[in-house]
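Working through the structure, step by step
Listed below, chain by chain, are the residues.
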Amino acid sequence: MSFDVNDANGDIDPTDDGMGDGIGDGTNTETESGEDAAPERRATPFSGTLAVLVAALAGLALGGASGTAPSVAASIASGALAALGVRAIQSETNARRAVGSVCLVAGVAAFAIVTALGGGAVALLVGGGVAAAATNAVVSFDERVERPAIRSLWRSATVLLVGSVLALCLYANLFGKTFGVVGGELVAVAASSALSLVVVLQLELLAISELVHWAVPVLDGWLPENRNVRAAVLERFDVRLWEVPRGYWAVLGLQVLLALSSWGPAWFGAFLDSLSILGDALELLLVSGILHLPLAALVGSLLVVLLARSVQLLFVEWAGRDPPRAVAHAAGGLVALGVAALLALAPGDALASVAGSGWAETVEVVGPTGALAGGLALVLFAVAFAQGILAVAISPWVGTDSAGGFAVAGGALTVATLVVADDGGSAIAVFAGVAAALAVHDLGSNAVEVGAKIGRDAETRAGEAAHAVGGLLVGAGGVALATLTAFTMGSVSFSPPAWRARLAVALLLVAVLCFAVLFERG
């Protein structure tokens, strides 16, 4: 797989994004020859993979201790899928970017579903930690990776948000009610008398004469170059509203006042009756719609052209200078929106039985598609926002941003261990969780450090294996010693569970302190 460094030249300009997030599309990490453009920013494969494996196994142990092992396993799988999506987003091809966007959004969605269905804090922390470690292991965990990944989150979330709003409007029949009421009132007023129909006929002609000058240039730009609609049409409709004589506006205003009055329509009807057969023919021509319907259809067509042009301008503004790449980054949101629409076809009782009673109440208000798409959009926005918060939070504790993912993973495992301890989990799981958190940070930091000094393609597996075995043996020995001490102290106590819990909390506090010192030293 090859990456093009030149693909991102000039793309980190915030104005190119069009999303308001102030980020570009990120510089890729490899050149066309397949060599790393900046190997010092990447973790070595051996230690990085081992760190992810330790984090996953420790998370499963914590899930077993808290009774949420299935949810934790699902959250780990979701985090791994999101990490693979982040890697694919770095590709130079839009097809792989689209696949990466879909994987990223799918991973985040699955992660949110697992958490919402009762996974709890342990599943949330473990899944997030594994996702951060896996991302740090497969790509360079720095600003160049964050830019395209966060861009995919923003674009996908924007697509889902717009889709949820449209779905809500369709579910509430907002368009039908609005146009039905407004159109019905207009038709009722227009058809109330023959005089009103005469006034409406003149208004339609005036609207067409003006709308043509707005819509024809748009059509001229859409059609092939050899078609010149502007010259063929505007020369025959060379009348603008401001060119209409003032005297006519005065006469038209008087007609409107007469049509709205109580005696004007009757007077005009008497005038038509005075014309005998000619008056009857004119009234039939006005009432039948032969004149009004074609003009109304033409006015509607011109308005549709202008509406399509507005949508086109909004899309161009959103897509920036490279629409195919923008669509590739938004592929996850497009696919998720389609899936939400399909799930909306399922029976409401089936979805409510899975999601709970709160889902039924939400669907009743906003509709199933709006609820699914809007909820996922909020989750994606939250993930993008949380990424920025975490980047600021861990910066004082890491020597380089390239190891930030492993730092987040270690911190997440530590907090998950605290949650398990507070819930009365096994002391062994608590000790193992703290040791695993330290091991993940140590292995990950070593992987990044080796990659920075030697390069991730160099043969460093023997040294990394020695370092990993030593660190894991120390951690395993610490867990065994702590467990043995807890068992010994618990066996001579009248209330072993209380002694074990106190010892676990005390040792946990010491481990957290050591963890903070290790972070500070980089």
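For the structure, see preceding data.
Below is a summary of the structure that appears in this document. These numbers were taken from a predicted model, which means no experiment stands behind them.

A word on helix α6 (residues 194-222)
Taking 1.5 Å as the rise per residue, α6 with 29 residues should run 42 Å; its terminal C-alpha atoms sit 40 Å apart, in good agreement. The principal kink in α6, of about 35 degrees, is found at V212.

Some words on a nonpolar patch on the surface
Taken together, V162, L166, L170, F175 and F179 make up a surface patch of nonpolar side chains, about 530 Å² in accessible area. Of all the secondary-structure elements, those providing two or more residues to the nonpolar patch are α4 (143-171) and α5 (174-190). If one sorts the elements of the nonpolar patch by residue count, α4 sits on top with 3 residues. Topologically, L166 is positioned in helix α4. Relative accessible area serves as the criterion here: at 45%, L166 is assigned to the partly exposed category.

Details of the packing of α6 against helix α8 (residues 246-260)
It is at 9 Å that the axes of α6 and α8 come closest, and there the two elements cross at 145 degrees. The hand of the α6/α8 crossing is left-handed. Within the contact between the two elements, α6 uses L195, S196, V198, V199, Q202, L203 and L206 and α8 uses Y248, W249, L252, Q255, V256, L258 and A259.

Brief notes about the packing of α6 against helix α9 (residues 264-274)
Each pair of packed helices can be described by the angle between their axes along with the distance between the axes. Closest axis-to-axis distance for the α6/α9 pair is 7 Å, and the angle between their directions is 95 degrees. Put simply, α6 runs roughly perpendicular to α9. Judged by residue contacts, A194, L195 and V198 of α6 engage G264, P265, F268 and L272 from α9. Of the residues belonging to the contact of α6 with α9, the class tally is 6 nonpolar, 1 polar and no charged.

A closer look at the pattern of salt bridges
Pairing is possible between side chains that carry opposite charge, provided their charged atoms lie close to one another. Summed over the entire model, instances satisfying the criterion amount to 1 salt bridge. Ionic pairing is found between R325 and D322, a salt bridge with its closest N-O pair at 3.6 Å. Residue class for D322 comes out partly exposed when judged on its relative accessible area of 27%.

A short note on the environment of A131
Following the sequence through the fold, A131 ends up in helix α3 (residues 94-138). Among the residues examined, A131 registers a relative accessible area of 18% and is labelled buried. Considered as a pair, A131 and A77 are 54 residues apart in the sequence and their alpha carbons are 8.8 Å apart. Residue contacts for A131: discarding those within four places in its chain leaves G79 and A83.

Let's talk about the packing of aromatic side chains
Tallied over the full model, the rule gives 3 aromatic pairs. A ring pair is formed by F315 and W318, whose centres lie 5.7 Å apart and whose planes are at 40 degrees; its orientation type is tilted. Here W318 and F315 lie together in helix α11 (residues 292-319), a separation of 3 residues that amounts to about one turn. Assessed through its relative accessible area of 14%, W318 is described here as buried. The lysine or arginine in question, R155, covers the ring of W318, its NZ or CZ lying 4.9 Å from the ring centre.

With respect to the nonpolar core
Judged by nonpolar contacts, the single largest core of 34 residues is most densely connected at V126, F406 and L413. Listed by contribution, the elements that provide at least two residues to this core are α1 (45-66), α2 (69-89), α3, α17 (404-422) and α18 (427-453). For L413, the contacting residues outside a window of four places in its chain are A55, G59, L62, V126, A436, A437 and V440. Residues V86, A109, V139 and L376 belong to the second largest nonpolar core, which totals 20 residues.

Thoughts on helix α16 (residues 368-394)
Between its first and last C-alpha, α16 extends 38 Å over 27 residues, near the 39 Å set by a 1.5 Å rise per residue. Taken as a whole, α16 has its buried residues at P368, T369, G370, A371, A373, G374, L376, A377, L380, A384 and I394.

What counts as what
- Residues numbered from 1 in each chain as written.
- Predicted model: local features only at pLDDT ≥ 70, side-chain atom pairs only at ≥ 80, totals over all residues.
- Heavy atoms only, no water.
- Helix = DSSP H or I, 4+ residues; strand = E, 2+ residues; numbered from the N terminus.
- Expected span 1.5 Å × (residues − 1).
- Bend = angle between axes of the 7 residues up to and from the residue.
- Patch = residues over 30% accessible without salt bridge, like charges linked within 9 Å, V, L, I, M, F, W, Y side chains within 5 Å.
- Areas by Shrake-Rupley, 256 points an atom, 1.4 Å probe, with all protein chains shown as cover.
- Salt bridge = Lys/Arg side-chain N within 4 Å of Asp/Glu carboxyl O.
- Buried < 20%, exposed > 50% of the residue type's maximum accessible area, 1.4 Å probe, protein only.
- Axes fitted to C-alpha atoms, helices over the stretch in contact; angles between N-to-C directions.
- Left-handed = near helix turned anticlockwise from the far one by under 90°.
- Contact = heavy atoms within 4.5 Å.
- Parallel < 35°, antiparallel > 145°, perpendicular 65-115°, else oblique.
- Nonpolar A, V, L, I, M, F, W, Y, C, P; charged D, E, K, R; others polar.
- Phe/Tyr/Trp six-rings, centres within 6.5 Å; stacked < 30°, edge-to-face > 60°.
- Lys NZ or Arg CZ within 6 Å of the ring centre and 35° of its normal.
- Core = buried A, V, L, I, M, F, W, Y, C linked by side-chain atoms within 4.5 Å.

Remember, this is a structural readout, not a statement about activity or role.
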